Amino acid sequence: MPEPSSAKPRPFLALLQRDLLLSIRRSGETLLPLFFLFAVVILIPLGVGPGPNVLSLIAPGMVWVAALLSSLLALDQLFRSDLQDGTLEQWFVGHSSGWAQLLARLLSHWLVSAIPVITFSPFAAIMLHLPVDALPILVLTLIIGTPALSLIGSLAAALTLTTRGAGGLLPILVFPMVVPLLIFATGAVALAAEGHASSAHLGLLLAFTILNLTLMPLAIRAALKLNLE
Amino acid sequence: MIWKTLKLWFHKLGSPPLFSQFARRVSPWLWAGFTICLVVGVYKALYVVPPDYQQSDTSRIMYIHVPSAWQAMLTYVVMAVLAAIALIWRIRITEIMAMACAPIGAAFTLICLATGSIWGRPMWGTWWEWDARLTSMLILLFIYIGIMALYAAFEDRRKAARIASVLVLAGAVNIPIIHYSVEWWTTLHQGQTIRLIGESSLHSSMLPPLIWMTIAIKFLFGAALLDRARNELLEQDQSKQWVQRELQARGMARA
Amino acid sequence: MVIVNTLLSARQLTFQRHGLNVFQPVDLALNPGHAIVVQGSNGAGKTTLLRLLAGVLEPSDGEVLFEQDPLFHGHLPAVKGDLSCRENLAFERKLGASSVSIASALLQVGLAGLGARPARSLSAGQTRRLGLARLLVRTSPIWLLDEPYASLDADGCHQVDQLIHQHLETGGGVILSTHQQMPDLQHPIQYLAVAPVGNGCPQGASSDA
């Protein structure tokens, strides 16, 4: 099995370009996670009351939980449209290992689903009265953490690709694996909100993401190939 | 030499009829071992060990709680090893055995959670406490459920087992991280945690029944695993000749 | 059989579903200028065989050998509905570096003038034609065509024959599956019958263990 790095740069860029173009053509679906994030941010104060004390306490957790849940929305179609139009089987034709296609897809998925959420997360956090000092740390945890989130979600999407009742399984598979992510990320933001240093949490978060970056593509590729059988 | 015989033995067990025979012969002995150890263990736990001076008789639930917790985790290790073998060498029996592990592990996890909750009620004054171990166990339960649900979601049993095996391995990497992150989380949020079993509170008289119960549960796991795997194999292969022969030999052939 | 000239060969190829072989083991060798027609009833495993030859599926047993990556034209056209016909082919061309221009590829499959149309708006037959155009803008001596005549009209079927003819002329080889229309070619054609394995086959000791 060739290493991911053996993918030639030119096809990779062509693939990335096409995946991004496809996402832009379907911007309605692509921007769903962002709308979902704000739906949560608007509903929570309505549910728990507008008191700034309670809100600022739960803000780190809420923004992250909303980011986690919103990431589920974009997952179902991640590989399914390629399965249905026959593109997915083309990934593995001949000696092609499918790495270039897979990595281009994972990168474009992260760019398209996570970047809008990261960009608008400070607004969501301000609406929940998170102290302004903690905002950079919140954005930083999202930048470090969302690649792992996307990878975990992609694995779940790949595993459930040809299941009978596809969509329902996704959250069950994703939720246990994102527990460390939530703990490290919200821990870092909560510490920053209290004015403490949060480098330990950030370090662990980064380690978790690096671990996922190395191992998850292997599992995702295996899951896709098995689902094509 | 040893490796060769081991490989041969492994290869033989990989054949469905031989595995079925092996499981049929071995499983009664495991059930017998389980019964004996259970009787001895329960007797010692209930009558020989004096009541705990702080927790009185409540602590006796430990003799079920702790071995189940260990077995819940050990089952995952066994399942992960079987799943790795299934994916690398595509041995059908290991696929079936790995998948047979999931419900058993889920059952032990559930027993651990239930006994923990019952034990916690008089100790903490609440049925549920966000204690690190119980929280980890709860997440483990959901991982088991996810594996079972994924395995059930495909028509082709072999494809299902292989895909679920990928999830088993992904879980195997994640479980230690989940466990330590949860432990870290509880220490950060609660400062001091009240442990059901403190490191020092395990008196030497409590050890023998704990060991007996642990061995009993190992036997139970072995027996349940063999029986489940054999049942699954017979069900999957019911139209094949070796199953028909086996049924005929025992006078149970279908018309 | 001279190995050097063989474009693609398979030896004792099998694939299992539900723990059973889908078809009897297949041996084949594809030589330049030759076409192999895979025949068999519905569900006999023609598609499975072609996907195995393409490398999409890993065989349960046996092996497939090829030097250059084949091009696979499957049941599904591998066309993105959200892109125009020209964009679809432009993307494929970047992966293949062929000398055939997009306009000429569209012309050859009978889609001239439809380059700007979104692929979603094409009919089933037109989508199949666009899928065939992929074969032209990416180069490979080996073509694996799964039911190339499906959903095509008489004119389209004739164009498929033309494409295959040209490809064989230039030293390529084609393996195609079909269950109705037979290719009309001047080149040597081998026929390969895919025999399904019936239920209740002898399976005393499992061969996969």
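Residues numbered from 1 in each chain as written. Chains lettered and ligands numbered in written order. Predicted model: local features only at pLDDT ≥ 70, side-chain atom pairs only at ≥ 80, totals over all residues. Heavy atoms only, no water.

Draft legend 1. Summary view of the interface of chain A and chain B. Between chain A and chain B, the residue contacts involve 27 residues of the former and 27 residues of the latter. Buried area between chain A and chain B, summed over both chains or domains, comes out near 2400 Å², and the portion from carbon and sulfur atoms is 78%. Among the residues chain A hides against chain B, the three largest losses belong to A:L159, A:R164 and A:L226. Together they make up 23% of the total. Inspection of the region where chain A meets chain B yields 1 salt bridge. Our count for the chain A to chain B interface comes out at 4 residue pairs in polar contact (both at pLDDT 80 or more). For the side of chain A that touches chain B, the secondary-structure elements that each account for two or more residues are α8 (135-159), α9 (166-177), α10 (179-193) and α11 (199-228) of chain A. (Contact = heavy atoms within 4.5 Å. Buried area = accessible area lost by both parts, 1.4 Å probe. Salt bridge = Lys/Arg side-chain N within 4 Å of Asp/Glu carboxyl O. Polar contact = N/O pair within 3.5 Å; in protein donor to acceptor, adjacent residues only side chain to side chain. Helix = DSSP H or I, 4+ residues; strand = E, 2+ residues; numbered from the N terminus.)

Draft legend 2. Just the interface of chain C and chain A, in detail. Opposite the 27 residues of chain C that make contact, chain A presents 27 residues. Taking both sides of the interface into account, the surface hidden between chain C and chain A amounts to around 2400 Å²; carbon and sulfur atoms contribute 52%. Among the residues chain C hides against chain A, the three largest losses belong to C:K80, C:D82 and C:F91. Together they make up 26% of the total. Applying the counting criterion to the chain C and chain A interface returns 6 salt bridges. Close ionic contact of C:R51 with A:E89 constitutes a salt bridge, the shortest N to O distance being 3.0 Å. In this assembly, chain C and chain A are joined by 15 residue pairs in polar contact (both at pLDDT 80 or more).

Draft legend 3. Region of the structure containing helix α4 (residues 52-73) of chain A. Residue and element names in this part refer to chain A. Taking 1.5 Å of rise per residue, 22 residues should cover 32 Å, and α4 covers 29 Å from first to last C-alpha, within 8% of that figure. In α4, a bend of some 55° at A59 exceeds every other bend along the element, and P60, a proline, comes one to four places later. Three or more residues of α4 are buried, namely L55, A59, P60, V63, W64, A66, A67, L68, S70, S71 and L72. (Expected span 1.5 Å × (residues − 1). Bend = angle between axes of the 7 residues up to and from the residue. Buried < 20%, exposed > 50% of the residue type's maximum accessible area, 1.4 Å probe, protein only.)

Draft legend 4. Up close: the layout of surface pockets. A volume near 980 Å³ is recorded for the largest pocket. Lining the largest pocket are 33 residues; nearest its centre among them are A:G61, A:L182, A:I183, A:T186 and B:W185. For the lining of the largest pocket, the elements supplying multiple residues, two or more each, are α4, α9 and α10 of chain A together with α5 (132-152) and α6 (157-190) of chain B. Among the elements that make up the lining of the largest pocket, the one with the highest residue count is α4(A) (10 residues). Looking at the lining of the largest pocket, its residues break down into 25 nonpolar, 7 polar and 1 charged. (1 Å grid on protein atoms, 1.4 Å probe; cavity = no way out; pocket = protein on both sides within 12 Å on 5 of 7 lines; lining within 4 Å. Points joined across faces, edges and corners; volume = space filled by probe spheres on them. Nonpolar A, V, L, I, M, F, W, Y, C, P; charged D, E, K, R; others polar.)

Draft legend 5. Expanded view of the sheet that holds strand β7 (residues 71-73) of chain C. Residues and elements named next belong to chain C. Within the open sheet, the 5 strands sit side by side as β7-β8-β9-β5-β10. Their pairing is parallel. On the outer flanks of this sheet lie β7 and β10 (189-193), each paired with one strand and no other. Neighbour-to-neighbour, the strand axes of this sheet turn through a mean angle of 15°, independent of strand direction. For strand β8 (residues 142-146) and strand β9 (residues 173-177), the ladder comprises 5 bridges, and the chain directions are parallel. Considered in β9, the bridge of I142 is made with G173. Packing of helix α1 (residues 46-54) onto the sheet brings it into contact with β5 (35-39), β7, β8, β9 and β10, and relative to β8 it is tilted by some 155°. (Pairing = 2+ DSSP bridges. Axes fitted to C-alpha atoms, helices over the stretch in contact; angles between N-to-C directions.)

Draft legend 6. Molecular detail of unusual backbone geometry. Residues and elements named next belong to chain C. Positive phi is not limited to glycine here, since Q12 has a value of about 45°. Structurally, Q12 can be placed in strand β1 (residues 8-14). Judged by relative accessible area, Q12 falls into the partly exposed class, the value being 38%. Positive phi is not limited to glycine here, since A78 has a value of about 55°. With respect to the helices, strands and loops of the structure, A78 is situated in the loop between β7 and α2 (85-96). Taking the relative accessible area as the measure of exposure, A78 reaches 8% and is therefore buried.

Draft legend 7. How the structure looks around the sheet that holds β1(C). Residues and elements named next belong to chain C. Spatially, the 3 strands line up as an open sheet ordered β4-β1-β6, and their pairing is antiparallel. A strand with exactly one partner marks an edge of an open sheet, and here the two such strands are β4 (26-30) and β6 (61-66). Strand after strand, the sheet turns through a mean of 5° between neighbouring axes, direction not considered. Two strands pair when backbone bridges link them, and β1 and β6 are joined in this way by 5 bridges, in the antiparallel orientation. Paired with R11 across the two strands is E63, which belongs to β6. Sitting on the sheet, α1 is in contact with β1, β4 and β6, with an inclination near 125° to β1.

Draft legend 8. How the structure looks around empty space enclosed by the protein. Tallying each qualifying case throughout the model produces 4 cavities of 30 Å³ or more. Space inside the largest cavity adds up to approximately 100 Å³. Forming the boundary of the largest cavity are A:P33, A:A67, A:S70, A:S71, A:H109, A:S113, A:A114, A:V117, A:T146, A:L149 and A:S150. Contributions of two or more residues to the lining of the largest cavity are made by α4, α7 (99-127) and α8 of chain A. No other element matches α7(A), which puts 4 residues into the lining of the largest cavity. Of the residues contributing to the lining of the largest cavity, the split by class is 5 nonpolar, 6 polar and no charged. Approximately 80 Å³ is the volume found for the second largest cavity. Residue lining of the second largest cavity: A:I172, A:L173, A:P176, A:M177, B:Y76, B:F142, B:I143, B:G146, B:I147, B:L167 and B:G171, and that is the complete set. Of all the secondary structure elements, the ones that give two or more residues to the lining of the second largest cavity are α9 of chain A together with α5 and α6 of chain B. When grouped by side-chain class, the residues that make up the lining of the second largest cavity number 9 nonpolar, 2 polar and no charged.

Draft legend 9. Highlighting a nonpolar patch on the surface. A cluster of nonpolar side chains, contributed by B:V42, B:Y43, B:L46, B:Y47 and B:V48, occupies part of the molecular surface with about 530 Å² of accessible area. Among the secondary structure elements, B:V48 is positioned in helix α2 (residues 16-48). (Patch = residues over 30% accessible without salt bridge, like charges linked within 9 Å, V, L, I, M, F, W, Y side chains within 5 Å. Areas by Shrake-Rupley, 256 points an atom, 1.4 Å probe, with all protein chains shown as cover.)

Draft legend 10. Here's a closer look at the packing of aromatic side chains. Taken as a whole, this structure holds 11 aromatic pairs over all chains when the rule is applied. Seen from their ring centres, A:F184 and B:W184 are 6.0 Å apart, and the 65° between their planes marks the pair as edge-to-face. In this pair, A:F184 is assigned in helix α10 and B:W184 in helix α6, connecting two distinct chains. Of the residues examined, A:F184 reaches a relative accessible area of 6% and is grouped as buried. Classification of B:W184 as partly exposed rests on a relative accessible area of 27%. Summarising the aromatic geometry, the rings of B:W130 and B:W185 are spaced 6.2 Å apart at their centres and angled 85° between planes, so their arrangement reads as edge-to-face. Residue B:W130 is found in the loop between α4 (92-124) and α5, and its partner B:W185 is found in helix α6; the two are separated by 55 residues along the sequence. (Phe/Tyr/Trp six-rings, centres within 6.5 Å; stacked < 30°, edge-to-face > 60°.)

Bear in mind that shape data such as this cannot, by itself, settle questions of function.
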